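So the chains spell out like this:
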Amino acid sequence: MAVVGSDESRREDVDWEAIEHSPEFRELLGARRRVALTELGIVAVWFGGFLILSAYARGFMDKLLWGGFSVAYALALSLIPMVWALAVYYIRVSDRELDPLARRAAEHAARLPASGHRPEADGEQPPDDHDRVSR
Amino acid sequence: MSPFVFAAGVKALPLVVFAIVISITLGITYWASRRTKTATDFWAAGRGISSRQNGFAIAGDYMSAAAFLGVAGLIFLAGFDGYITGVAALVSFIPVLVLLADRMRNAGKYTMADVIAFRLRERPARTAAAIGTLAVAAFYLLAQLIAAGALVEALAGLSFPIAVVVTTVFMLCYVLFGGMLATTWVQIIKAVLLLIGVGTMVAFLLVKVSFDPGEILSQAATKSGEGDKFLGPGLFFHKPLNTISTGIAFALGTAGLPHILMRFFTVRDARAARGSVAWAVLLIGIFYVMVSLVGFGSRAVLGTSAVAEVGKSGNLAAPLLAQSLGGGNNAGGDIFFAVISGVAFATILAVVAGLVIAASGGVAHDLYNSVIKHGQATERQEVMVGRIAAVGVAGVAIVLALLAGPAFNIQFLVGLAFSVAASANFPALLLAILWRRFNTTGAVVGVASGLIASVTLIILSPAVWPGPDHEGGPFPLSNPAIVSIPLGFLGCYVGTLLGSPEGQRSYDELRVRAETGIGSEGSGVPADDVRVPAEGSGVPA
């Protein structure tokens, strides 16, 4: 996976490529992709459905459900708690699942030079390296 | 508005409220100016904004005059269709949250371009991103300024040119002296005032109908002359595809609005960036429910006879409703009218300030420092150029607004801003973060095609071609997003295939930084720039 320009990343004190390929980081990406795609899917179906009905089923959207509340207005209102629930759920998953995974990936990074897995480790580790990684 | 009108039509009471608003915001600016020293202070408020404060500020950016007066007015005129952009704008925060918010905070410094250009060749990629930033900021700023001039003219009786200049001068004070800190706090206070103001209107309305909101809707339908059709879609967007295209533009546009994305750099860390989205959607959700009631309520209370009074785009529906709810043509009505006008004025000032800060970052941080000075400019130079850029942007905006005049169709400018944001900025930003193969040529071609497609299609649309509101342009839709967003992504893809994958830093680095926050810009003390720009990386293709 040699990206051209990796000269630059080598100049940094962190071995980005190794972290990117670490199992912890892969797990983080997978978990994040799952929750993001789920939420975007729900938005696409719910909001997309609302738009399509607003465009092509206007007779249906005009119908009154109770009092002055039309189908259109009720559907539009339903999008608001949907957005709230999705935001809260995403933040919970981030706090409980994604952030711990990210921390483990960062710890993996901190371990790398010491355990000698780092391909380019020439022993030129500035002392502040660990500070930055664990921040 | 009998007791408080001067001979020349200048209304004293709204001006008093405007003066109160201005003195509060200038007080904030003075306080903020003493804490604004570094570039991080100027563009990112020292990264010391809490997630709740940032949530209020983001909500404030969203609750612009277009979202308050515009949405209420459109509902007054055309019923439910007016509500669709409001709901779409709220939905847009889910893509922002799950795709961008925390990654922006982790990988960026002051601007959207920081993230787009991170692993690409600095000069061409940053130039493209800065052009995207400036285009959106310019169209949006121009729309807001024209709206400001027309509104202040209608609300307080000042002439359009004076209103535009006064608005711009006060907004510039916040930006020049108080930077992002003042802009953020002005935005927060305005958000609170606006929620209280709109909430009071809704409370008055609900008392009128004995707390049965359905009654507001029924009466609005009766008074509209359209019957139940008024409560469903189709009266404003006649063509079905217009509904869909506008909805998509607003649902994805947020993810490319530079002044909103910039707010994620003002908080401590990625977690606070996510939290601020939760606060923002809570407030915006409540706000839009209330605005819909104000919109339908204005029709129910004012009836059809007010159609001539509210103006072509209905912008005066909400203030006129306040007048009526306060008691009509007496002191109570005049006071409520003046307070709501003052809140609307505060809204305009705050949103315009945010746009100018974003544009100054695009000029000073992206174009001046990164492109012209190869990242070697000192922080003082960067901030100084930022202030000069703010004055320059404001000056250009004043001239354009005065040339356009109060009758200019701003609806198409707002549509254009959202369309460019969704078609030029969003694809490049998303692919820069998520697509390993994405390269500099892809970013340049993508931004160019999204921008050109949006501008061209808007010019060919019925709103502009051959004259305003003519139903027969070469391009049939009033908002081009449904075509221009795919063209933006296609440009990114084709450009990537044509270009070569040389960049200054690796995709691995961007990815790891964005997801984990390793090496992200610290809060408080401005850390030494961890991300040293590569020398000799700036040869354009």
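Keep in mind it's a predicted model, so treat the numbers as computed, not measured. Per chain, the residues get numbers from 1 upward, laid out in the order the sequence is written. To label them, take the chains in the order written and letter them from A, then take the ligands in the order written and number them from 1. Totals for whole chains, interfaces and linings use all residues, but because this is a predicted model, local features are given only for residues with pLDDT of at least 70 and pairs of side-chain atoms are given and counted only at 80 or more. Excluding hydrogens and water, the side-chain values take into account all heavy atoms of the structure.

(A) Broad picture of the packing of aromatic side chains. Stacked, edge-to-face and tilted labels apply to pairs of Phe, Tyr and Trp rings (six-membered ring for Trp) whose centres lie within 6.5 Å, assigned for plane angles under 30 degrees, over 60, and everything in between, in that order. Scanning the model with the defined rule gives 22 aromatic pairs over all chains in all. Each ring, one from B:Tyr140 and one from B:Phe418, has its centre 5.8 Å from the other, and the planes form 70°; the classification is edge-to-face. Of this pair, B:Tyr140 sits in helix α8 (residues 122–156) while B:Phe418 sits in helix α17 (residues 410–434), placing them 278 residues apart in sequence. Across the pair, exposure class does not vary: B:Tyr140 and B:Phe418 are buried alike. One aromatic cluster is present, built from ring pairs that chain together A:Phe47, A:Phe50, A:Trp66, A:Phe69, A:Tyr73, B:Phe80, B:Tyr83, B:Phe230 and B:Phe296. As a reminder, the over-ring test applies to NZ of lysine and CZ of arginine, requiring each to be within 6 Å of the ring centre and within 35 degrees of the ring normal. Its guanidinium or amino end placed over the ring of B:Phe76, B:Arg299 lies 4.7 Å from that ring's centre, counting from NZ or CZ. Positioned above the aromatic ring of B:Phe118, the side-chain terminus of B:Arg505 is 4.1 Å from the ring centre. We count a stretch as a helix when DSSP gives it H or I for four or more residues in a row; a strand needs E for two or more, and each element gets its number in order from the N terminus. Whether a residue is buried, partly exposed or exposed follows from its accessible area with a 1.4 Å probe, protein chains only, as a fraction of its type maximum: under 20%, in between, or over 50%, in that order.

(B) Summary view of the pattern of salt bridges. One speaks of a salt bridge when a side-chain nitrogen belonging to Lys or Arg is within 4 Å of a carboxyl oxygen belonging to Asp or Glu. Going through the model one piece at a time under the given rule, you end up with 19 salt bridges over all chains. Among the ionic pairs, A:Arg26 bridges to A:Glu20, the shortest N-O distance being 2.7 Å. A relative accessible area of 41% places A:Arg26 in the partly exposed class. Residue A:Glu20 is classed as buried on the basis of its relative accessible area, which comes to 2%. Notably, a salt bridge pairs B:Asp269 with B:Arg268, separated by 3.7 Å at the nearest N-O pair. Through salt bridges with shared partners, a single network forms among A:Arg32, A:Asp95, A:Asp99, B:Asp102, B:Arg103, B:Arg271, B:Arg274, B:Arg511 and B:Glu515.

(C) Structural detail: the side chain of B:Thr29. Its place among the elements puts B:Thr29 in helix α1 (residues 12–33). Beyond its immediate sequence surroundings of up to four residues, B:Thr29 is in contact with B:Cys173, B:Tyr174, B:Phe177, B:Gly178 and B:Ala182. Any two residues whose heavy atoms approach within 4.5 Å are treated as being in contact.

(D) Representation of the interface of chain B and chain A. In this complex, chain B contributes 68 residues to the contact, which on the side of chain A involves 59 residues. When chain B packs against chain A, the two sides together hide about 5300 Å² of surface, and 69% of this comes from carbon and sulfur. Buried area, as used here, totals the accessible surface that two parts lose on assembly, with accessibility defined by a 1.4 Å probe and the loss added over both. Among the residues chain B hides against chain A, the three largest losses belong to B:Ile94, B:Val98 and B:Ile518. Together they make up 11% of the total. Linking chain B with chain A are six salt bridges. Across the pair B:Arg271 and A:Asp95 runs a salt bridge, and its minimum N-O distance is 2.9 Å. Pairs of N or O atoms within 3.5 Å make up the polar contacts considered here, provided that, within protein, one atom can donate a hydrogen while the other can accept it, and that residues adjacent in sequence are counted only when both atoms are side-chain atoms. Along the contact surface separating chain B from chain A lie 12 residue pairs in polar contact (both at pLDDT 80 or more). Among the elements of the structure, α5 (81–91), α6 (93–107), α10 (213–224), α11 (240–253), α13 (270–302) and α20 (507–516) of chain B are those that each provide at least two residues to the side of chain B that touches chain A. If you tally residues by element for the side of chain B that touches chain A, the top one is α13(B), at 12 residues.

(E) The environment of B:Leu400, seen in detail. Residues and elements named next belong to chain B. The residue Leu400 is located in helix α16 (residues 379–404) in this model. A relative accessible area of 40% means that Leu400 is categorised as partly exposed. Here the alpha-carbon distance between Leu400 and Arg511, two residues 111 residues apart in the chain, equals 41 Å.

(F) Layout of unusual backbone geometry. Residue and element names in this part refer to chain B. Although it is not a glycine, Ser210 sits at a positive phi angle of roughly 45°. Among the secondary structure elements, Ser210 is positioned in the loop between α9 (160–208) and α10. One non-glycine residue, Phe211, adopts positive backbone phi at about 60°. Assignment of secondary structure puts Phe211 in the loop between α9 and α10. When its relative accessible area of 61% is taken as the criterion, Phe211 is described as exposed.

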